[in-house]
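Fold and geometry: a report
Okay, here's what each chain looks like letter by letter:
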Amino acid sequence: MISTGSELLDVTLLSLYVSGMATILGSAIGIPLGALIGLKEFGGKGAVKTLTYTLYGFPPVLSGLVVYYVFSRAGPLGDLGILFTPTAMIIAETFLVIPLVTGITITSVVEVDRSIKDTVKALGASSSQSIVTVMREAWVGLVMACMIGFGRVIAEVGAAYLVGGNIDGETRVLTTAIMLETRMGHFEWAMSLGIVLLSVALMVFLFLRLLQEREML
Amino acid sequence: MKPAICLEGVSKKYDQIVALRDASFTVSKGEVFGIVGPSGAGKSTILRIVDLLEAPTEGKLLIDGQYVVANSVRAEAVRRKIGMVLQKPVVLNRSVANNLGYSLMIRGWNEDRIAEVVDAELRRLGLNGRRKTNARNLSGGEMQRLCFARAAIHDPSILLLDEFAANLDPTNVALLENQVQEFIRKDPNRTVVIVTHNMFQAKRMCTRIALIWDGEIVEIADRKKFFESPDDARTAAFVGGESIY
Ligand SMILES: Nc1ncnc2c1ncn2[C@@H]1O[C@H](COP(=O)(O)OP(=O)(O)OP(=O)(O)O)[C@@H](O)[C@H]1O
Ligand SMILES: [Mg+2]
């Protein structure tokens, strides 16, 4: 159990690190992917969109299971030996972020007014320049995508538990710690950890809100 | 006179609506060509097709004597020689200076050169004090002047103007009209096409004018003939009706 302040700090920081990295990686993949899907014309676009939206509900424990298998000793990448490390957790969480960020990005760029898209083209932008400019016009939506992605992984326990293993001092994060404390009957501790979890999420959201509201120049 | 823009039997259908029917005409270099007609006649559709924003349902388009197809790779290069002010003035979510610089930035100009040209343009617009403001905070008229400047800042050889002075006071209208005249005078290879509801503006600016009605070109004539002795009764009615106010 978590008994000292420095342990609590470690667990909190690890939560932030894993969720933050997964959000950054998932957004780095999901935002460009969503922009391409939203703005390019191609066959099967409707199906790709539907698939993306369906994956919003992708169960964390399933993502954990796949990553677990891949990095387990018998798995194809077992030699890397990263199972039960924060890296494995980040990978599993990234898969949870990607569909959300991709889907919200698709919606955000599609919603950018046609008159803006026409203007950008008329000013002479190439198709890749247009995509970048439209993404910038969709800024509020893109930050929203990151927020929702972060919200999903900071709160999730299934994948973190499965591939992290809740190892004390190594892969224990706030959500898995809460699970453990609850099981051990330390309800007050568990509740306090819950409040820490909420506060951490709140701070990150506040930061992203500021980023979202930032005036573009 | 060398042709700058040529439409060959161009039609545009949207679902049930025929926005443009079998339009054929040529605009030569050095001309200020006017397109007038009632609301919904298809004026913007013509400009959008010429700027390769819209592909015609039928017919062909030549720019500078060469066939071009919208959405092709070459269309992007051709569009870079054209400056267009769309009917609805839209600014990008960035500063006034960066809105102006956008046209140059995407053409790969270097930063020093962009800063120099944008600076001169801001002074001319009287917006230098607001260069760092987000352009969305400008007034409607200021936005419209910004949109005009942004479309012309890269020295295009063809300028397409869709109601480019619609929301402006007489002083600013005169200012922009002078800029258009100056644009065309500077280089004989330049071409301007103006869509307008304002008959006085057409009379002041255009060398030749087309009346479009319900997707069809009714008449194309030199300014004098268009206003004084048009062939088609509809032209006479349109010109006469408009000049009452
Ligand atoms: N994207 C579109 N989808 C469907 N119909 C369209 C579209 N764009 C234009 N139209 C229709 O085509 C016709 C011609 O439109 P256009 O914008 O060219 O008219 P206009 O002459 O510019 O009118 P205004 O003076 O009001 O600007 C109109 O009936 C319009 O409703
Ligand atoms: Mg129009």
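Everything discussed here concerns the structure shown above.
Everything in this summary refers to the structure shown in the same document. (Residues numbered from 1 in each chain as written. Chains lettered and ligands numbered in written order. Predicted model: local features only at pLDDT ≥ 70, side-chain atom pairs only at ≥ 80, totals over all residues. Heavy atoms only, no water.)

What follows deals with the coordination of the magnesium ion (ligand 2). Residues and elements named next belong to chain B. Only Ser44 (OG) and Gln87 (OE1) from the protein reach the magnesium ion (ligand 2) as donors, at distances of 1.9 to 2.2 Å. Taken together, the residues span a long stretch of sequence, with Ser44 in helix α1 (residues 43-50) and Gln87 in the loop between β6 (82-85) and α3 (96-105) at a distance of 43 residues. Ser44 sits in the buried class, given a relative accessible area of 19%. (Donors = N, O, S within 2.8 Å, 3.2 Å for Na, K, Ca; no water. Helix = DSSP H or I, 4+ residues; strand = E, 2+ residues; numbered from the N terminus. Buried < 20%, exposed > 50% of the residue type's maximum accessible area, 1.4 Å probe, protein only.)

With respect to the helices and strands, Arg136(A) occurs in helix α6 (residues 127-137). Residue classification places Arg136(A) among the partly exposed positions, given a relative accessible area of 28%. The spatial distance from the C-alpha of Arg136(A) to the C-alpha of Met216(A) is 9.2 Å, given a sequence separation of 80 residues. The residues touching Arg136(A), leaving out its near neighbours within four places in the chain, are Met216(A), Leu217(A), Asn93(B) and Arg94(B). (Contact = heavy atoms within 4.5 Å.)

Moving on, we come to the site of ligand 1. What surrounds ligand 1 is a group of 14 residues, the closest being Ser39(B), Gly40(B), Lys43(B), Ser44(B) and Thr45(B). Proximal residues around ligand 1 fall on chains A and B, making this an inter-chain site. A distance of 2.6 Å is found between an oxygen atom of ligand 1 and a side-chain nitrogen or oxygen belonging to Ser39(B). Gln87(B) places a polar side-chain atom, nitrogen or oxygen, 2.8 Å from an oxygen atom of ligand 1. Protein chains bury 67% of the 630 Å² of accessible surface belonging to ligand 1 in isolation. (Near = heavy atom within 4 Å. Polar contact = N/O pair within 3.5 Å; in protein donor to acceptor, adjacent residues only side chain to side chain. Areas by Shrake-Rupley, 256 points an atom, 1.4 Å probe, with all protein chains shown as cover.)

Interface size is commonly expressed as the accessible surface area that is lost when the partners come together. Between chain B and chain A, the residue contacts involve 29 residues of the former and 21 residues of the latter. Of the roughly 2,200 Å² buried at the junction of chain B and chain A (both faces included), carbon and sulfur atoms supply 48%. Counting the surface chain B buries against chain A, the share from its top three residues, Asn93(B), Arg94(B) and Tyr102(B), is 21%. Across the contact surface, chain B and chain A share four salt bridges. One salt bridge connects Asp118(A) with Arg48(B), and the closest N-O pair in it is separated by 3.0 Å. The set of elements that each furnish at least two residues to the side of chain B that touches chain A consists of α2 (73-79), β6, α3 and α5 (140-152) of chain B. Among the elements that line the side of chain B that touches chain A, the one with the most residues is α3(B), at three residues. (Buried area = accessible area lost by both parts, 1.4 Å probe. Salt bridge = Lys/Arg side-chain N within 4 Å of Asp/Glu carboxyl O.)

Take the sheet that holds strand β9 (residues 208-213) of chain B next. Residues and elements named next belong to chain B. With mixed pairing, the six strands of this open sheet are ordered in space as β6-β7-β8-β3-β9-β10. Looking along the sheet, the strands with just one partner apiece sit at the ends: β6 and β10 (216-222). Within this sheet the neighbouring strands show an average axis-to-axis angle of 15 degrees, counted without direction. Relative to the sheet, α5 contacts β6 and β7 (158-162), its axis offset from that of β6 by approximately 170 degrees. (Pairing = 2+ DSSP bridges. Axes fitted to C-alpha atoms, helices over the stretch in contact; angles between N-to-C directions.)

With that settled, consider the side chain of His154(B). Residues and elements named next belong to chain B. Residue placement: His154 occurs in the loop between α5 and β7. Its relative accessible area of 8% is what places His154 among the buried residues. A distance of 3.3 Å separates the side chain of His154 from the side chain of Arg107, its partner in a polar contact. Here Ala151 takes part through its backbone oxygen, which lies 3.2 Å from a polar atom of the side chain of His154.

This next bit is on the sheet that holds strand β5 (residues 66-67) of chain B. Residue and element names in this part refer to chain B. Here we have four strands laid out as an open sheet, ordered β2-β1-β4-β5, and antiparallel in their pairing. In this open sheet, the two strands that pair with only one neighbour each are β2 (17-28) and β5. Across two bridges, strand β4 (residues 58-63) lies against β5 in antiparallel orientation. Considered in β5, the bridge of Ile63 is made with Gln66. The strands that α1 touches are β1 (3-14), β2 and β4; relative to β1, the one it contacts most, it runs at about 120 degrees.

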